[in-house]
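Reading the structure
As a plain string of letters, each chain reads:
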Amino acid sequence: MTWIKPSFRWMMYRCGWGAKEGQETVLAVEISRDGFEWALRHACLSSYVRGVHSDRAAWQRRLKNAPARVQWDPERDLHLQPLPYRSLQLGLSGEAVRRYADEWTVAIRDVTPLAHDIHALVRNGDLTSATRLLPPERPYPIDDESLAHLLG
């Protein structure tokens, strides 16, 4: 399984600003909107939610067969501390991984220097400058059909 992490700060939490062993290179992978929406339409929540799923067994069957899964993790601030809202993590397997690699990927950029620059500003207490360097992020609009399928 490979994961799409649309939040830059959450990714910095995950890789320790590009300093964790084996995670010293940080890549920004741009994918097509069609691909992202395909993954959402074919995704299952990564954990059982009473009231969303008819029962635990039905959720497990759906999860087992879904080429994508959604989980929500706490968004992070510049100090990588949890915020009171969550960011999407989208796990891909099987067909979704093939589509991601062969069809959806639009561009790949090495953002390791950016991660290091922002981290240096945070360490020096210059959060204003660090914030200015963050890649822009906006709430993602999702249509009702995709949301209904996701919830299930």
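Refer to the structure above for everything that follows.
Here the structure is a predicted model, which means the values were calculated and not measured.

1. Regarding the overall build of the protein
Helix and strand counts for the protein stand at seven helices and six strands. Counting helices and strands in the order they occur from the N terminus, the protein gives β-α-β-α-β-α-β-β-α-β-α-α-α. Projected onto the principal axes, the alpha-carbon positions of the protein cover approximately 50 × 35 × 30 Å. Long-range pairs, those at least 24 residues apart, make up 68% of the contacts in the protein between residues at least 6 apart in sequence. By element, 51% of the accessible surface of the protein is carried by carbon and sulfur atoms, the whole surface being about 9200 Å².

2. Notes on the pattern of salt bridges
Applying the stated criterion to the full structure yields four salt bridges. Ionic pairing is found between Glu95 and Arg99, a salt bridge with its closest N-O pair at 2.8 Å. On the criterion of helical spacing, the pair formed by Glu95 and Arg99 is a turn pair, its members being four residues apart in helix α4 (residues 95–104). On the basis of relative accessible area, Glu95 is assigned to the partly exposed category, the value being 38%. Through salt bridges with shared partners, a single network forms among Glu95, Arg98, Arg99 and Glu103.

3. A closer look at the packing of helix α2 (residues 33–41) against α4
At a minimum axis separation of 10 Å, α2 and α4 run at an interaxial angle of 175°. The angle between α2 and α4 places the two elements in the roughly antiparallel class. Contacts between α2 and α4 involve Gly35, Trp38 and Ala39 from the former and Glu95, Ala96, Arg99 and Trp104 from the latter. For the contact of α2 with α4, the class distribution of residues is four nonpolar, one polar and two charged.

4. Observations regarding the side chain of Glu75
With respect to the helices and strands, the residue Glu75 is situated in strand β4 (residues 68–76). Despite its burial, Glu75 pairs with no opposite charge, the nearest such side chain being Arg9 at 4.2 Å. Within the local environment of Glu75, its side chain forms a polar contact with the side chain of Ser87, the two groups lying 2.6 Å apart. The contact partners of Glu75, leaving out residues within four places of it in the chain, are Ser7, Arg9, Trp10, Gln81, Pro82, Leu83, Tyr85, Arg86, Ser87 and Glu137.

5. Considerations on the nonpolar core
Counting 16 residues, the largest nonpolar core has Ile4, Phe36, Ala39, Val70, Leu90, Leu92 and Trp104 as its most contacted members. Looking at this core, the elements with two or more residues in it are α2, β3 (43–45), β4, β5 (82–92) and α4. Looking at this core, the element that brings in the most residues is α2, giving four residues. Formed by 13 residues, the second largest nonpolar core is a distinct cluster that contains Trp17, Val111, Ala115 and Leu134.

6. Description of helix α1 (residues 8–15)
Among the residues of α1, those classed as buried are Phe8, Arg9, Trp10, Met12 and Cys15. Where α1 is buried, its residues contact β4, β5 and α5 (112–123). Just downstream of α1, Gly16 is the residue with a positive phi angle, here 60°.

Each value, and the rule that gives it
- Residues numbered from 1 in each chain as written.
- Predicted model: local features only at pLDDT ≥ 70, side-chain atom pairs only at ≥ 80, totals over all residues.
- Heavy atoms only, no water.
- Helix = DSSP H or I, 4+ residues; strand = E, 2+ residues; numbered from the N terminus.
- Contact = heavy atoms within 4.5 Å.
- Areas by Shrake-Rupley, 256 points an atom, 1.4 Å probe, with all protein chains shown as cover.
- Salt bridge = Lys/Arg side-chain N within 4 Å of Asp/Glu carboxyl O.
- Buried < 20%, exposed > 50% of the residue type's maximum accessible area, 1.4 Å probe, protein only.
- Axes fitted to C-alpha atoms, helices over the stretch in contact; angles between N-to-C directions.
- Parallel < 35°, antiparallel > 145°, perpendicular 65-115°, else oblique.
- Nonpolar A, V, L, I, M, F, W, Y, C, P; charged D, E, K, R; others polar.
- Lys, Arg positive; Asp, Glu negative; His and termini not counted.
- Polar contact = N/O pair within 3.5 Å; in protein donor to acceptor, adjacent residues only side chain to side chain.
- Core = buried A, V, L, I, M, F, W, Y, C linked by side-chain atoms within 4.5 Å.

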